[in-house]
Amino acid sequence: MKLAERGSNFIRQFGGPGEDSQIVCFKFWQLVVAGGCPYRCAYCFLQTVPWFRFRPDELYGLVYTNVEEMVAEITHWLDDPIPKMMIVGELQDGLIFDSAYKKTSGEPLTHRVIPLFAAQKRHRLIFLTKSTQIQHALELAPTPQVVFSWSVNAEEIGAKWEHGTPLPSERFAAAEKMKKAGWPVRFRLDPMIPYADWKRGYAEAIKKINALLPEMVTLGALRATSYNGLRNAAKANGRDETIFDYLTETKDPSGFKYRIPFDTQVEMFRFAVDRLKSSIKPALCKEDRALWKALGMKFDGCHCLLGRNDAIVKKRNTEMEHARETGHGIGIGKPLPVLA
Ligand code: SF4
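Here is a short report on the structure shown in this document. (Residues numbered from 1 in each chain as written. Predicted model: local features only at pLDDT ≥ 70, side-chain atom pairs only at ≥ 80, totals over all residues. Heavy atoms only, no water.)

Details of the overall build of the protein chain
Within the protein chain, the regular secondary structure consists of eleven helices and 17 strands. A globule of 340 residues ought to have a C-alpha radius of gyration of about 20 Å, and the protein chain, at 19 Å, matches this closely. In terms of overall dimensions, the protein chain has a C-alpha envelope of 50 × 45 × 45 Å along the principal axes. Buried positions account for 55% of the 340 residues belonging to the protein chain. (Helix = DSSP H or I, 4+ residues; strand = E, 2+ residues; numbered from the N terminus. Rg over C-alpha atoms; globule rule 2.2 N^0.38 Å. Buried < 20%, exposed > 50% of the residue type's maximum accessible area, 1.4 Å probe, protein only.)

Laid out in structure tokens, this is it:
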């Protein structure tokens, strides 16, 4: 693992979908606590991010040392009177660096960041992870302002293609401990893979999810920006690229990503939604409106936002209203599910 000062801002806003895109996503806030990730998931998109392609040693973890600057940025961000959500784990695993921070800066990352969110009631923070490194977080008092979310999968998918990670069953065990300690918990069932025994594998995973009653479950399936790019990168990095045999050579209607066959994705997501307990909110992430429509789902918040009334959602709605009125801009004549 490498150490360095971060030269740019720790807090960034996602670039968001293009102005005329029908991908349902918003300009969410992310906290960049580290670069890269020591895990080696075969499908990890970080492998094709130009920064890591030119700095392959940083792909496996770069921890920042100017922690005081990160804390100052968060403190300033929290001053905003408009309620917001911040995600840790979009460009790295959100929790795997907790002990590294303790070693390099004297305190775990969770101990520096969580108390800042716990001290107020407007904003929320979410850690997205495959790590089971919960020991430091468990030393803190739980707060509704901070959520822990695990990316999970069918056990055999985790074992075959998420190299170096704790197995999904171990992640569920970590989530259970956090839930019992009083922390809000969520899951991402992602990326779903249509392997031969997927119904059994995902039925088992959903049973475990239901038993833990998370706030939300976000569904995702295998995807890639470049059809061969991610496969070639995985191969070059010694990861099992056979997972990409499940991708089609067709992008979603927005031209955003290569996906598994559309009908299969609908079938798998419907399978999951039908089995989730009714009190658990299902969500999708960066999916085309065609999929929302096929599933009959409407946007009701997601991992990266506070809910359907998040200020970022309202802003995009206003932009779309304006587009409709003026005939210019986002999704003219094609309302997103959030407005449908
Ligand atoms: S845990 Fe996430 S960030 Fe880490 S290798 Fe896997 S997909 Fe990439």
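So, the packing of helix α2 (residues 67-78) against helix α4 (residues 109-118)
Taken N-terminus to C-terminus, the directions of α2 and α4 make an angle of 20 degrees; their axes are 10 Å apart at the nearest point. Viewed along their axes, α2 and α4 adopt a mutual orientation that is roughly parallel. The handedness of the crossing between α2 and α4 comes out as right-handed. Only Leu 109, Arg 112, Val 113, Leu 116 and Phe 117 of α4 make contact with α2, whose side of the interface consists of Val 67, Glu 68, Met 70, Val 71, Ile 74, Thr 75, Trp 77 and Leu 78. Among the residues making up the contact of α2 with α4, the classes are represented as ten nonpolar, one polar and two charged. (Axes fitted to C-alpha atoms, helices over the stretch in contact; angles between N-to-C directions. Parallel < 35°, antiparallel > 145°, perpendicular 65-115°, else oblique. Left-handed = near helix turned anticlockwise from the far one by under 90°. Contact = heavy atoms within 4.5 Å. Nonpolar A, V, L, I, M, F, W, Y, C, P; charged D, E, K, R; others polar.)

Some thoughts on the site of the ligand
Near the ligand, the surroundings consist of Cys 37, Tyr 39, Cys 41, Tyr 43, Cys 44, Leu 46, Asp 93 and Lys 130. Residue classes in the shell around the ligand are distributed as six nonpolar, no polar and two charged. (Near = heavy atom within 4 Å.)

Observations regarding helix α3 (residues 98-105)
Within α3, burial applies to Asp 98, Ala 100 and Tyr 101. Here the buried residues of α3 occupy an arc of 155 degrees about the axis, which is enough to place them on one side. On its buried face, α3 sits against β7 (62-64), α2 and α4. Of the residues flanking the end of α3, it is Gly 106, one or two places downstream, whose phi is positive at about 95 degrees. (Arc of directions from axis to C-beta.)

Some points on the sheet that holds strand β2 (residues 11-13)
The eight strands are arranged β2-β4-β8-β9-β10-β12-β13-β16 in an open sheet whose pairing can be described as mixed. Two strands bound the open sheet, and with one partner strand each, they are β2 and β16 (281-284). On average, adjacent strands in this sheet sit at an angle of 25 degrees to one another, irrespective of strand direction. One ladder, built from four bridges, connects strand β12 (residues 185-192) with strand β13 (residues 216-221); its direction is parallel. Residue pairing in the sheet places Met 192 in a bridge with Ala 221 of β13. Packing of helix α6 (residues 168-180) onto the sheet brings it into contact with β10 (146-152) and β12, and relative to β10 it is tilted by some 165 degrees. Running over the sheet, helix α9 (residues 262-275) touches β12, β13 and β16 and is turned about 160 degrees from β13. (Pairing = 2+ DSSP bridges.)

Digging into the nonpolar core
The nonpolar side chains of a soluble globular protein tend to be buried with one another. The biggest cluster of nonpolar side chains holds 105 residues, and the ones touching the most others in it are Leu 31, Phe 148, Trp 150, Phe 187 and Tyr 202. Leaving out residues up to four positions away in the same chain, Phe 148 has contacts with Leu 95, Ile 114, Phe 127, Ala 137, Met 178, Trp 183, Pro 184, Val 185 and Arg 186. (Core = buried A, V, L, I, M, F, W, Y, C linked by side-chain atoms within 4.5 Å.)

Remarks on the pattern of salt bridges
Following the criterion strictly, the structure yields 21 salt bridges and no others. Note that Arg 186 and Glu 215 form a salt bridge whose closest N and O atoms lie 2.7 Å from each other. Residue Arg 186 is found in strand β12, and its partner Glu 215 is found in the loop between α7 (198-212) and β13; the two are separated by 29 residues along the sequence. Salt-bridge contacts for Asp 252 lead to Arg 259; the nearest nitrogen and oxygen are separated by 2.8 Å. With a relative accessible area of 9%, Asp 252 lands in the buried category. A single salt-bridge network, built from bridges that share partners, covers Glu 156, Asp 197, Arg 200 and Glu 204. (Salt bridge = Lys/Arg side-chain N within 4 Å of Asp/Glu carboxyl O.)

Points about the sheet that holds strand β1 (residues 2-4)
Pairing is mixed in the open sheet, where three strands are placed in the order β1-β7-β5. Each edge of the sheet is formed by a strand with only one pairing partner; in this case those strands are β1 and β5 (34-35). The sheet contact formed by β5 and β7 spans two bridges and is antiparallel. Looking at β7, one finds that Ala 34 is bridged to Val 63.

Let's talk about the packing of aromatic side chains
Each aromatic ring pair is specified by the distance between its two centres and by the angle formed by the two planes. Scanning all chains against the criterion turns up 14 aromatic pairs. With 4.6 Å between their ring centres and 15 degrees between their planes, Phe 14 and Phe 28 make a pair best called stacked. With Phe 14 in the loop between β2 and β3 (23-24) and Phe 28 in the loop between β3 and β4 (29-31), this pair connects stretches of sequence that are 14 residues apart. Judged by relative accessible area, which is 2%, Phe 28 ranks as buried. (Phe/Tyr/Trp six-rings, centres within 6.5 Å; stacked < 30°, edge-to-face > 60°.)

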